[in-house]
Amino acid sequence: MAQLFHIKTFGCQMNKHDSDSISKILLDKGYSQADSIEDAHIILINTCAVREKAEEKALTLIGRLARLKMKRPDMIAGVIGCVAQEKGMNLFRRFPYLDLVLGPRSIYHVDEFISQIKKRRERVSSLDLACELTCFPNYNGYLKGRVKSFLKIMEGCDNFCSYCIVPFVRGRETSLPAKEIIHETKCLISQEIKEITLIGQNVNSYNVKNQALPTFPGLLKELDSITGLERLRFTTSHPKDLSDELIGSFGELNSLCPHIHLPVQSGSDNILKLMNRGYTRDKYIGLIERLRKTRPDMTITSDMIVGFPGEREKDFEDSLRLMDEIEFDNLFSFMYSERPGIKALQLPGKIGKKEKQTRLSILQERQRGITLSKNKLLEGTIQETLVEGPAKRGDDQLTGRTLGNKVVNFPGRSNLKGQVVGIKIVKGLQNSLLGELVDR
Ligand code: SF4
């Protein structure tokens, strides 16, 4: 019988994509997926170190594996991803029953490490941040039933924002060769994938270290010309690297969807400088204006941090004013979280937890109002929607995404899955839209 594995993933899209890559590798080597941790012979916890809370949750789960390992000593327990990179061999000291500790750049050899553990019954770790990136267009039915997929085009980051641990745990920026990305795109299309989201810590600086190779707008152009690619998206974009050429791509490329996630992090120049973000509030507003001029229907989402060290009441007000001015379609907001090794640790003016919570609630309440009114503005419009499958609410309801990446639920038959249809929006809600089918 094939050995069963289970991966528990914490954190962002990048981690989900990494877990998918590991699953593909293991399926390819004859392992099968287990539905739960309890049923698995191999348990991998894919961790996120970006915020303290996500890290704590992962560490709690790793702690719980002790009981399973006592019951089943042959089970293999591994920690992978950013917390593995950050804590390294300390994880073996804190959780002596662990067999495997793998940093994010070592996941591509996960099958070899597991074989090594099985053969020698010894612990294995790999924390090398210089490993080559690669992709796995060998799907073996893994994508069955999906209509969209992520495609990693780069890894790591050179920006060193003062609040961020990513450059320390994912290493320096490395881009995947365009040839491989094009090949994987064609493979995904052959698997009936209709929408591809290119991912990287900062896709805008794709190949920036080697000007002889295609830049990000050049890559988008090449991908757009591939027959069968219905929709193309990308994330994440750093505002300081958003070029006019890239903005222009939204007006030129048929498959490129009019949605951008452009993290602003603060509306105060003072805080942006302390964060080492490399742009000002005015520069950011200018980018949004140019994006909206190119595509008036552009959906704009962003990230905001509250309670960064030194954030005065006035700085926080600047963030609220920026939100009012720009009217983001959605905003992902967080309290500043101290992470080991980051530059912001040395900054004075730490904000207490209670104050951070108050600011976060005010900001989120303000954004809820903006998001709802933006969704209501779509009432009566017809939205080109990619049908993803049955909606959670059941009752013959389907769910899909508009070009602007908003969730739409509507009554319809399951045979529409994977098709792009016209949906008339009848109601804009807080987190989604309700619609009816008008055009197949
Ligand atoms: S751009 Fe800044 S926030 Fe984004 S991954 Fe790099 S260092 Fe972190």
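These numbers were taken from a predicted model, which means no experiment stands behind them.

To continue, consider the packing of aromatic side chains. For the structure shown, the criterion picks out eight aromatic pairs. Taking 5.7 Å as the distance between ring centres and 45° as the angle between the ring planes, the aromatic pair formed by phenylalanine 234 and phenylalanine 250 counts as tilted. Here phenylalanine 234 is found in strand S11 (residues 231-235), whereas its partner phenylalanine 250 is found in helix H9 (residues 244-252), with 16 residues between them in sequence. Side by side, phenylalanine 234 and phenylalanine 250 carry an identical accessibility label, which is buried. Over the aromatic face of phenylalanine 10 sits the side chain of lysine 8, whose NZ or CZ is 5.6 Å from the ring centroid. Against the face of phenylalanine 334 rests arginine 51, its NZ or CZ located 3.6 Å from the ring centre.

The next point concerns the sheet that holds strand S6 (residues 124-126). Pairing within the open sheet is parallel, and its six strands lie in the order S2-S1-S3-S4-S5-S6. If you trace the sheet from one side to the other, it starts and ends with strand S2 (32-33) and S6, each paired once. Alignment of strand S3 (residues 42-47) against strand S4 (residues 76-81), held across six bridges, turns out to be parallel. When the sheet's bridge partners are listed, isoleucine 42 is paired in S4 with isoleucine 76. Helix-sheet contacts for helix H1 (residues 13-28) involve strand S1 (4-9), S2, S3 and S4, and the interaxial angle to S1 is about 175°.

Here the focus is the domain arrangement of the protein. Domain boundaries in the protein define domain 1 (4-126), domain 2 (132-257), domain 3 (260-377) and domain 4 (382-439). With centres defined by C-alpha atoms, the gap from domain 1 to domain 4 works out at 36 Å.

Evaluation of the coordinates by the stated rule reveals 32 salt bridges. In this structure, a network of salt bridges that share partners links the residues Asp18, Lys152, Glu155 and Arg170.

What follows covers the site of the ligand. Taken together, Cys157, Asn159, Phe160, Cys161, Tyr163, Cys164, Val166, Pro167, Gln201, His238 and Arg277 make up all the residues around the ligand. When the residues that make up the shell around the ligand are grouped by side-chain class, the tally is seven nonpolar, three polar and one charged.

We now examine the sheet that holds S11. Spatial ordering of the open sheet is given by S7-S10-S11, a layout of three strands whose pairing is parallel. Looking at the sheet topology across the chains shown, the edges are occupied by strand S7 (148-152) and S11. The sheet shows a mean angle of 25° between the axes of neighbouring strands, taken without regard to direction. Inspection of the sheet shows strand S10 (residues 195-199) paired to S11 by five bridges, in the parallel sense. Within S11, the residue paired with leucine 198 across the bridge is phenylalanine 234. The sheet contacts of H1 involve S7, S10 and S11, and relative to S7 the element is tilted by about 95°. Along the sheet face, helix H7 (residues 178-190) touches S7 and S10 and points at about 165° away from the line of S7.

Conventions used here
- Residues numbered from 1 in each chain as written.
- Predicted model: local features only at pLDDT ≥ 70, side-chain atom pairs only at ≥ 80, totals over all residues.
- Heavy atoms only, no water.
- Phe/Tyr/Trp six-rings, centres within 6.5 Å; stacked < 30°, edge-to-face > 60°.
- Helix = DSSP H or I, 4+ residues; strand = E, 2+ residues; numbered from the N terminus.
- Buried < 20%, exposed > 50% of the residue type's maximum accessible area, 1.4 Å probe, protein only.
- Lys NZ or Arg CZ within 6 Å of the ring centre and 35° of its normal.
- Pairing = 2+ DSSP bridges.
- Contact = heavy atoms within 4.5 Å.
- Axes fitted to C-alpha atoms, helices over the stretch in contact; angles between N-to-C directions.
- Domains from an automatic or database assignment.
- Salt bridge = Lys/Arg side-chain N within 4 Å of Asp/Glu carboxyl O.
- Near = heavy atom within 4 Å.
- Nonpolar A, V, L, I, M, F, W, Y, C, P; charged D, E, K, R; others polar.

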